[in-house]
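# Report on the structure
The primary structure of each chain is shown beneath.
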Amino acid sequence: LEELFLCLNEYSNVRASSVACPTLRLLHITDNSLKDWADVRKFGSMFPRLDTLVMANNHLSSIQDGKDILRRLFPNLRNINLNNSGLNQWDDIEKLNFFPKLEEVRLQGIPLLQAYTNAERRSLIIAQLPSISLLNGSAVTDVEREDAERFFIRYYLDYPEEELPCRYHCLVTKYGKLEPLAEIDLRPRCRARVEVHCEEKVEQVTRNGMCRELASRASGAEHLAFAPGEHPLGPDGGRAEEAADHRRPPVGQQHAALLRRQVQRLRPRGDEVQLQGAALLRHPRWRRADGGAQEQVEAGARLPDGAD
């Protein structure tokens, strides 16, 4: 006998057998009512070569044995599933390190982890269990482990000395006492305001989008000329930003279409329309909505002071 399935039997305790079964490697005892670790301890005596223990959906509240007993009773245990158990202390998680060959752990749905985010849960468990290679079915990479261990140190930075877990001191020895990470927002500002002036009329056009996109796409501009030092994207004309951000998808044609509608609505025949500012936009010929003759319009555009 190598595999034994005892699921959905409403077992609340385990009776020890006087005869061991040294060939059993897999025990499924999910969806029962086991609460006491003393019952789980008996599996170690009855199945000395147990490799996988699946105890999901039981009511186990703690792991009560110490290092020596766990090493002696479960010398070959490689995989343990404690999903939806009642574990609610970090000490119980640390005791999983006492199983000498443990590599895979499942700990979803336990009360201890309910207060944490998914990322925090995974990082804290990985940092607590240095020997596991699979957590909740997902592989733990070397990079993820290092990130989790560094997160663990920073997570406990403000805790009093008496509340620090043992694992914290081990990791401080490995990485040192790390400083908190700085919070930096590198998102680009992306709002600009355009004013369209025609005689006494003023229209404001405000749309989200990068200044570069607005300047280059508005009205199908063919040419941009800026006074020295007045380019809205900086002295290099935004070339450094564009090189670093060349993969950003284009904003689209809505800026150009909107600005053309605003200008055509305001501009009487033969008048020139001024877009306040230092940027000179040379527009292609436009045909009036009433079918009149095409004409060349020149306009200046500038982002207002303080706009991005």
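Note: the structure precedes this text.
Description of the structure in this document. (Residues numbered from 1 in each chain as written. Predicted model: local features only at pLDDT ≥ 70, side-chain atom pairs only at ≥ 80, totals over all residues. Heavy atoms only, no water.)

## Overview of the sheet that holds strand 4 (residues 79-81)
Rules: Note: two strands are recorded as paired if DSSP finds a minimum of 2 bridges between them. A run of H or I in DSSP counts as a helix once it spans at least four residues, and a run of E counts as a strand once it spans at least two, with each numbered from the N terminus.
Reading across the sheet, the 7 strands line up as 1-2-3-4-5-6-7 and stay open at both edges, with mixed pairing between neighbours. In the strand order of this sheet, the two ends are held by strand 1 (3-5) and strand 7 (138-139), each with one partner. As judged from the 2 bridges shared by strand 6 (residues 134-135) and strand 7, these two strands associate in the antiparallel manner. Its bridge partner being in strand 7, Leu134 is matched across the sheet by Ala139.

## A few points about the packing of helix 5 (residues 142-155) against helix 6 (residues 166-175)
Quick note on the threshold: Inter-axis angles, ranging from 0 to 180 degrees, are taken between N-to-C directions of lines fitted to C-alpha atoms, where helices are fitted over the stretch in contact. Oblique is the label for any angle not covered by the other classes, which are roughly parallel (under 35 degrees), roughly antiparallel (over 145) and roughly perpendicular (65 to 115). For a crossing to be left-handed, the near helix must be turned anticlockwise from the far one by less than a right angle; the clockwise case is right-handed. We call two residues contacting when some pair of their heavy atoms lies within 4.5 Å.
Where helix 5 meets helix 6, the closest approach of the two axes is 9 Å, and the angle between their N-to-C directions is 115 degrees. As summarised for this structure, helix 5 and helix 6 are arranged roughly perpendicular, according to the angle between their axes. In the crossing of helix 5 with helix 6, the sense of the turn from one axis to the other is left-handed. Contacts between helix 5 and helix 6 involve Glu146, Glu149, Arg150, Phe152 and Ile153 from the first element and Arg167, Tyr168, Leu171, Val172, Lys174 and Tyr175 from the second.

## Notes on the environment of Ser18
Where we set the bar: In this scheme, a residue with accessible area under 20% of its type's maximum is buried, one over 50% is exposed, and one in between is partly exposed, where area comes from a 1.4 Å probe on protein chains only.
As for its placement among the helices and strands, Ser18 is situated in the loop between strand 1 and strand 2 (26-28). What makes Ser18 exposed here is its relative accessible area of 80%. Between the C-alpha atoms of Ser18 and Met46, which are 28 residues apart in sequence, the distance is 7.9 Å.

## Topic: the packing of aromatic side chains
Quick reminder of the rule: Here a Phe, Tyr or Trp ring, Trp counted by its six-membered ring, pairs with any other such ring whose centre lies within 6.5 Å, and the pair is stacked when the planes are under 30 degrees apart, edge-to-face when over 60, and tilted otherwise.
This structure, assessed with the given rule, holds 10 aromatic pairs. Considering the side-chain rings of Tyr116 and Tyr155, the 6.1 Å spacing of their centres and the 55 degrees angle between planes classify their relative orientation as tilted. On the criterion of sequence distance, the pair formed by Tyr116 in the loop between strand 5 (104-106) and helix 4 (118-128) and Tyr155 in helix 5 is long-range, its members being 39 residues apart. Relative accessible area serves as the criterion here: at 15%, Tyr116 is assigned to the buried category. On the basis of relative accessibility, which here comes to 23%, the residue Tyr155 falls in the partly exposed class. Chaining the aromatic ring pairs together yields one cluster made of Trp90, Tyr116, Phe151, Phe152, Tyr155, Tyr156 and Tyr159.

## Brief notes about the pattern of salt bridges
For the record, the criterion: Each salt bridge in this description consists of a side-chain nitrogen of Lys or Arg and a carboxyl oxygen of Asp or Glu lying within 4 Å of one another.
A full pass over the atoms with the stated rule returns 9 salt bridges. Where Arg78 meets Asp51, a salt bridge forms, and the shortest distance between an N and an O atom there is 3.4 Å. Placement of Arg78 in the loop between helix 2 (67-73) and strand 4 and of Asp51 in the loop between helix 1 (37-46) and strand 3 (52-54) is noted, with a sequence separation of 27 residues between them. Where Arg167 meets Glu149, a salt bridge forms, and the shortest distance between an N and an O atom there is 3.2 Å. One end of the pair, Arg167, is in helix 6; the other, Glu149, is in helix 5, and 18 residues separate them in sequence. Residues participating in the shared-partner salt-bridge network are Asp51, Arg78 and Glu103.

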